Amino acid sequence: LAAHPANKAEISATGGLHAFVVLLSTRSSPDHTKRVAATALHLLAYDHSENRDLLAAENAAPPLIALLRTSPSEASRLASVKALRQL
């Protein structure tokens, strides 16, 4: 859903970006949940400048950097890097 251009604005308008940032920021979120959230943020921000601006306003970088630094999963670290590249 997040990769489809028509859905990107709809997801952000309904609070989706904020929800994914909260999942990334919550200590008790499992690593795989954080990986999915990072992947969603990457897809939502890719080729969508408004969502990039919203992610900057949501301060998405710190939880993505934390995931990159602390995750034992290579897939999670890669998802974090991909999302960070969109900011």
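Right above here is the structure, for reference.
Bear in mind the structure is a predicted one, so any value in this text is a computation, not a measurement.

K.L.:
Looking at this structure, how should I read the overall build of the protein chain?
P.N.:
When its secondary structure is counted, the protein chain shows 6 helices and 0 strands. At 12 Å, the protein chain has a C-alpha radius of gyration in line with the 12 Å of a compact globule built from 87 residues. When the backbone C-alpha atoms are referred to their principal axes, the protein chain occupies close to 35 × 20 × 20 Å. Expressed as a percentage of the 87 residues in the protein chain, the buried residues total 36%.

K.L.:
It is not clear to me how the packing of helix α5 (residues 61-70) against helix α6 (residues 74-85) should be interpreted in this structure. Could you clarify?
P.N.:
Helices that pack against each other are described as a pair by the angle of their axes relative to one another and the distance between those axes. Where α5 contacts α6, the axes come no closer than 8 Å and their chain directions differ by 150°. Between α5 and α6, the angle is such that the two are roughly antiparallel. Seen from above, α5 lies across α6 with left-handed handedness. Residues Ala-61, Leu-64, Ile-65, Leu-67 and Leu-68 of α5 form the contact with α6, whose participating residues are Ser-76, Arg-77, Ser-80, Val-81, Ala-83 and Leu-84. Split by residue class, the contact of α5 with α6 holds 8 nonpolar, 2 polar and 1 charged.

Rules used throughout
- Residues numbered from 1 in each chain as written.
- Predicted model: local features only at pLDDT ≥ 70, side-chain atom pairs only at ≥ 80, totals over all residues.
- Heavy atoms only, no water.
- Helix = DSSP H or I, 4+ residues; strand = E, 2+ residues; numbered from the N terminus.
- Rg over C-alpha atoms; globule rule 2.2 N^0.38 Å.
- Buried < 20%, exposed > 50% of the residue type's maximum accessible area, 1.4 Å probe, protein only.
- Axes fitted to C-alpha atoms, helices over the stretch in contact; angles between N-to-C directions.
- Parallel < 35°, antiparallel > 145°, perpendicular 65-115°, else oblique.
- Left-handed = near helix turned anticlockwise from the far one by under 90°.
- Contact = heavy atoms within 4.5 Å.
- Nonpolar A, V, L, I, M, F, W, Y, C, P; charged D, E, K, R; others polar.

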